[in-house]
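# Fold and contact review
Below, each chain spelled out in residue letters.
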Amino acid sequence: MFFHCGTDVFDVGFASTSTTSPMILFGLMLMAVLYSSIGHGGASGYLVVLSLTSFGLMESVWLKQNVWCLNLVVSSIAFYHYRSSGFHDWRLTLPFIVSSVPMVLVGSYMRVDGRLYDVLLSFILLLAAWRLYSTVEHDESDEFVVPGFRRDLIGIGGGIGLASGVIGLGGGIFLSPVIILKKWGSPKATAATASVFVWLNSAAGLIGSSVSEGFGVEMWSITPFAIAVLIGGFIGSRYGAEIAPQNRVRAFLVVVLVIASTRRVLGVIGLWP
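Now for a look at the structure at hand. (Residues numbered from 1 in each chain as written. Predicted model: local features only at pLDDT ≥ 70, side-chain atom pairs only at ≥ 80, totals over all residues. Heavy atoms only, no water.)

### Looking at the overall build of the protein
What the protein contains, in helices and strands, is 11 helices and two strands. Along its sequence from the N terminus, the protein presents helices and strands in the succession β-β-α-α-α-α-α-α-α-α-α-α-α. Looking at the protein as a whole, 55% of its 273 residues are labelled buried. Across the protein, contacts joining residues at least 24 apart in sequence account for 86% of those joining residues at least 6 apart. (Helix = DSSP H or I, 4+ residues; strand = E, 2+ residues; numbered from the N terminus. Buried < 20%, exposed > 50% of the residue type's maximum accessible area, 1.4 Å probe, protein only. Contact = heavy atoms within 4.5 Å.)

Structure, rendered in structure tokens:
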């Protein structure tokens, strides 16, 4: 079976029998639990799981569009739980989404494949790991000030949006450390903002990519994935919003992201099949 996207044709037949693999579904569900607990959609985590399977050989447009779809599922659940728990503040969210969404559309039009895509993705995952590591420790007595619309916020949102569109992420993994480091919001307020940010960026990226390269998501492949992340997203976001602090989750994600980026780098230099 072949899938046509834009001017490219690639084989998806080898993957059709793997979409319901228990290990893949468990891995996606686990990532959804971890990421949704801090308000993220989990795109970089899904890329971790898929890169360690035959799905990692798929075209970048397939990977981007599928993880954006999974982001939509998980981030919507995360927003529901964090908003219901009273943590969302539109004053914190609006400056970032206003500047980010247009740049996601621009980035999603850009075609980055092959070795360049692998190198870029590896760098992004390592950067995300470093940023998350820098925010593992959090003092509950910290005071937070919502900044409102400022020029630097517009630049931050736009830059994250562009990178997210090119790579195929929702951008929450970059936005959250910035907000926490700058003390613009508490971890849970940050998670609430990140969930909206991720949902809108993912929707914009999916639209832009579909217009420029064709829509590559098929029900037979996405449905098992969506069910897995739906379950994981519900568990994780409820846990994060209503029960536990998220520092241990961030620490674990650092390890996962480093492993994923290392796998990509090894593939680029020919040490990983």
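### Notes on the packing of helix α4 (residues 60-84) against helix α10 (residues 219-242)
The description of two helices packed together rests on the angle between their axes and the distance between the axes. Running from N to C, α4 and α10 cross one another at 35 degrees; their axes reach a closest spacing of 8 Å. Of the two possible hands of crossing, α4 and α10 adopt the one that is right-handed. Here the residues of the contact of α4 with α10 are counted per class, giving 15 nonpolar, six polar and two charged. (Axes fitted to C-alpha atoms, helices over the stretch in contact; angles between N-to-C directions. Left-handed = near helix turned anticlockwise from the far one by under 90°. Nonpolar A, V, L, I, M, F, W, Y, C, P; charged D, E, K, R; others polar.)

### Comments concerning the environment of G233
Mapped onto the secondary structure, G233 falls in helix α10. The spacing of G233 and L30 is 203 residues in sequence and 8.9 Å in space, taken between C-alpha atoms.

### Brief notes about the nonpolar core
As a rule of thumb, nonpolar side chains are buried together in soluble globular proteins. Counting residues in hydrophobic clusters, the biggest one holds 44 residues, and the most contacted among them are Y46, F96 and F225. Among the secondary structure elements, those contributing two or more residues to this core are α2 (22-36), α3 (43-51), α4, α5 (90-109), α7 (151-167), α8 (172-182), α9 (187-213) and α10. In this structure F96 touches L153, I156, G157, L175, I179, W184 and F197, once residues within four positions along its chain are discounted. (Core = buried A, V, L, I, M, F, W, Y, C linked by side-chain atoms within 4.5 Å.)

### Here we look at the pattern of salt bridges
Counted by the stated rule, this structure contains two salt bridges. Linking D89 and R91 is a salt bridge whose minimum nitrogen-to-oxygen distance equals 2.8 Å. Residue classification places R91 among the exposed positions, given a relative accessible area of 56%. Of the charged contacts, one joins R238 and E242 as a salt bridge, the two residues approaching to 3.4 Å between their closest N and O atoms. Taken as a pair, R238 and E242 lie in helix α10 at a separation of four residues, close to a single helical turn. Classification of R238 as partly exposed rests on a relative accessible area of 41%. (Salt bridge = Lys/Arg side-chain N within 4 Å of Asp/Glu carboxyl O.)

### Quick look at the packing of aromatic side chains
Within the structure shown, the criterion is met by two aromatic pairs. Arranged with centres 6.3 Å apart and planes meeting at 65 degrees, the rings of Y82 and F87 form a pair that is edge-to-face. Owing to a relative accessible area of 0%, Y82 belongs among the buried residues under this scheme. A ring pair is formed by F96 and W184, whose centres lie 6.2 Å apart and whose planes are at 40 degrees; its orientation type is tilted. In this pair, F96 sits in helix α5 while W184 sits in the loop between α8 and α9, placing the two residues 88 residues apart along the sequence. A residue is classified by how much of its surface remains accessible, and F96, at 0% relative accessible area, is buried. (Phe/Tyr/Trp six-rings, centres within 6.5 Å; stacked < 30°, edge-to-face > 60°.)

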